[in-house]
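In case you want the letters, here they are:
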Amino acid sequence: MVYNEELLIMDSYLIDSHAHIYLKDFKGDIKDVISRSGEGGVKKILLPNINLETVPAVLNLSNKFKNICYPMLGLHPCYLKEDYKEEIDEIFENFNEKIIAIGEIGIDLFRSSKNFNNQADALRIQCSIAIKNNLPIVIHTRNSVDETIEIISEFKKQNLRGVFHCFVGNFIQAKKIIDLGFLIGVGGILTFKNSNLKNIISQINLSNIILETDSPYLSPEPKRGKRNEPLNINLIAKKLSLLHSLPLKNIIKITSNNVNNLFKLN
Ligand SMILES: [Zn+2]
């Protein structure tokens, strides 16, 4: 199904800035998933890593689909074990010049609040790696936006850049993130009927927003509950277009430009 024939003609395209399509959920049909997304106007898909185990899959998929899939390296806070320092070291032994960002990293106090100190330490270590390599970071937060903002603020003078992926905080938090020079990652939650996110995102300048699916999770309406895939970024862009009362092509141009600038993809 071609969603955006018009888009392909005008050479404007969508980017999914956050998709875990290297996971087992896509094992049987990854080629179809990527070609469907391409036909739907999604030309680039950014792959955040989770832990040491997922590194080969992230790197392999990026090698196989060059100039479509772009790899990141990082240790996700939900996968922190006691030996997280060693795991971070081992993950970054795979570092190469193709890595576009450090992610996903961050703080998750929903799944675990007991190891906050370790999570904070892992985040600081990986922020330092990003600064050393002049790369942006992709941040995961859950019940932890304020705590994460506080840690990221420590690096303000070192020009750390990045995105708060799948943002679900309030307007004050969004403003703090933007003041830090970070972008707001907007995904399927924007389309959920019971979510307050649309009221916040409608007040945020588009220059601070990038779009993402977080595939296979968080499918937008009307596909909520099903496996998510990069093609569905179309549904999120359309929702943003309605909220900001701007033509879809403008939304796509601005948000894709934001992604290209942050991750230096061009
Ligand atoms: Zn993610």
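Residues numbered from 1 in each chain as written. Predicted model: local features only at pLDDT ≥ 70, side-chain atom pairs only at ≥ 80, totals over all residues. Heavy atoms only, no water.

## Side note on the coordination of the zinc ion
Taken together, the protein ligands of the zinc ion are H18 (NE2), H20 (NE2), E104 (OE) and D214 (OD), with distances of 2.0 to 2.8 Å. Each of the 4 donor atoms bound to the zinc ion contributes to angles spanning 85 to 174 degrees, and the resulting shape is irregular. Every donor residue of the zinc ion comes from the same chain, spaced as H-x1-H-x83-E-x109-D. Placement of H18 in the loop between β1 (14-16) and α2 (30-39) and of E104 in strand β4 (residues 101-108) is noted, with a sequence separation of 86 residues between them. Assigned by exposure class, H18 and E104 land together as buried. (Donors = N, O, S within 2.8 Å, 3.2 Å for Na, K, Ca; no water. Tetrahedral: all angles 85-135°; square planar, octahedral: opposite > 155°, others 65-115°. Helix = DSSP H or I, 4+ residues; strand = E, 2+ residues; numbered from the N terminus. Buried < 20%, exposed > 50% of the residue type's maximum accessible area, 1.4 Å probe, protein only.)

## A few points about the side chain of K44
With respect to the helices, strands and loops of the structure, K44 is situated in strand β2 (residues 42-47). Its relative accessible area of 7% is what places K44 among the buried residues. Engagement of the side chain of K44 in a polar contact is seen with the side chain of N260, the distance being 2.9 Å. A polar side-chain atom of K44 sits 3.1 Å from a polar atom in the side chain of N266. Setting aside its immediate chain neighbours within four residues, K44 contacts Y13, L14, I15, D16, N67, I68, Y70, N260, L265 and N266. (Polar contact = N/O pair within 3.5 Å; in protein donor to acceptor, adjacent residues only side chain to side chain. Contact = heavy atoms within 4.5 Å.)

## Here's the deal with the packing of helix α4 (residues 84-92) against helix α5 (residues 116-132)
The interhelical angle for the contact between α4 and α5, taken along N-to-C directions, is 25 degrees, at an axis separation of 10 Å. Between α4 and α5, the crossing angle belongs to the class labelled roughly parallel. Considering the relative orientation of α4 and α5, their crossing is right-handed. Contact residues: Y84, K85, I88 and F92 in α4; N118, D121, A122, I125, Q126 and I129 in α5. The residue inventory of the contact of α4 with α5, partitioned by class, reads 6 nonpolar, 2 polar and 2 charged. (Axes fitted to C-alpha atoms, helices over the stretch in contact; angles between N-to-C directions. Parallel < 35°, antiparallel > 145°, perpendicular 65-115°, else oblique. Left-handed = near helix turned anticlockwise from the far one by under 90°. Nonpolar A, V, L, I, M, F, W, Y, C, P; charged D, E, K, R; others polar.)

## A few points about a negative patch on the surface
A contiguous patch of negative charge on the surface is contributed by E82, D83, E86, D89, E90 and E93. Its relative accessible area of 73% is what places E82 among the exposed residues. (Patch = residues over 30% accessible without salt bridge, like charges linked within 9 Å, V, L, I, M, F, W, Y side chains within 5 Å. Areas by Shrake-Rupley, 256 points an atom, 1.4 Å probe, with all protein chains shown as cover. Salt bridge = Lys/Arg side-chain N within 4 Å of Asp/Glu carboxyl O. Lys, Arg positive; Asp, Glu negative; His and termini not counted. Charge placed at Lys NZ, Arg CZ, Asp CG, Glu CD.)

## Considerations on the state of the cysteines
On inspection of all chains with the given rule, the structure shows 0 disulfides. Not part of a disulfide, C78 finds its nearest cysteine sulfur in C166, a span of 12 Å. Taking the relative accessible area as the measure of exposure, C78 reaches 22% and is therefore partly exposed. (Disulfide = S-S within 2.5 Å.)

## Topic: the packing of aromatic side chains
What the rule picks out here adds up to 1 aromatic pair. Where F164 meets F182, the ring centres are 5.8 Å apart and the plane angle is 80 degrees; that geometry is what we call edge-to-face. With F164 in strand β6 (residues 162-164) and F182 in the loop between α7 (171-179) and β7 (183-186), this residue pair connects regions lying 18 residues apart in the sequence. Just as F164 is buried, F182 falls in that class too. Taking NZ or CZ as reference, R142 lies 3.6 Å from the ring centre of F110, over its face. Directly above the ring of F192 sits R224, whose terminal nitrogen or CZ lies 3.6 Å from the centroid. (Phe/Tyr/Trp six-rings, centres within 6.5 Å; stacked < 30°, edge-to-face > 60°. Lys NZ or Arg CZ within 6 Å of the ring centre and 35° of its normal.)

## Here we look at the pattern of salt bridges
Within the structure shown, the criterion is met by 7 salt bridges. For K81, the salt bridge is made with E87, and the minimal N-O distance between the two is 4.0 Å. For E87, a relative accessible area of 7% corresponds to the buried category. Two residues, D121 and K85, come together in a salt bridge whose shortest N-O distance is 3.7 Å. In this pair, D121 is assigned in helix α5 and K85 in helix α4, connecting sequence segments 36 residues apart. The network of salt bridges with common partners includes D29, R36, R227 and E229.

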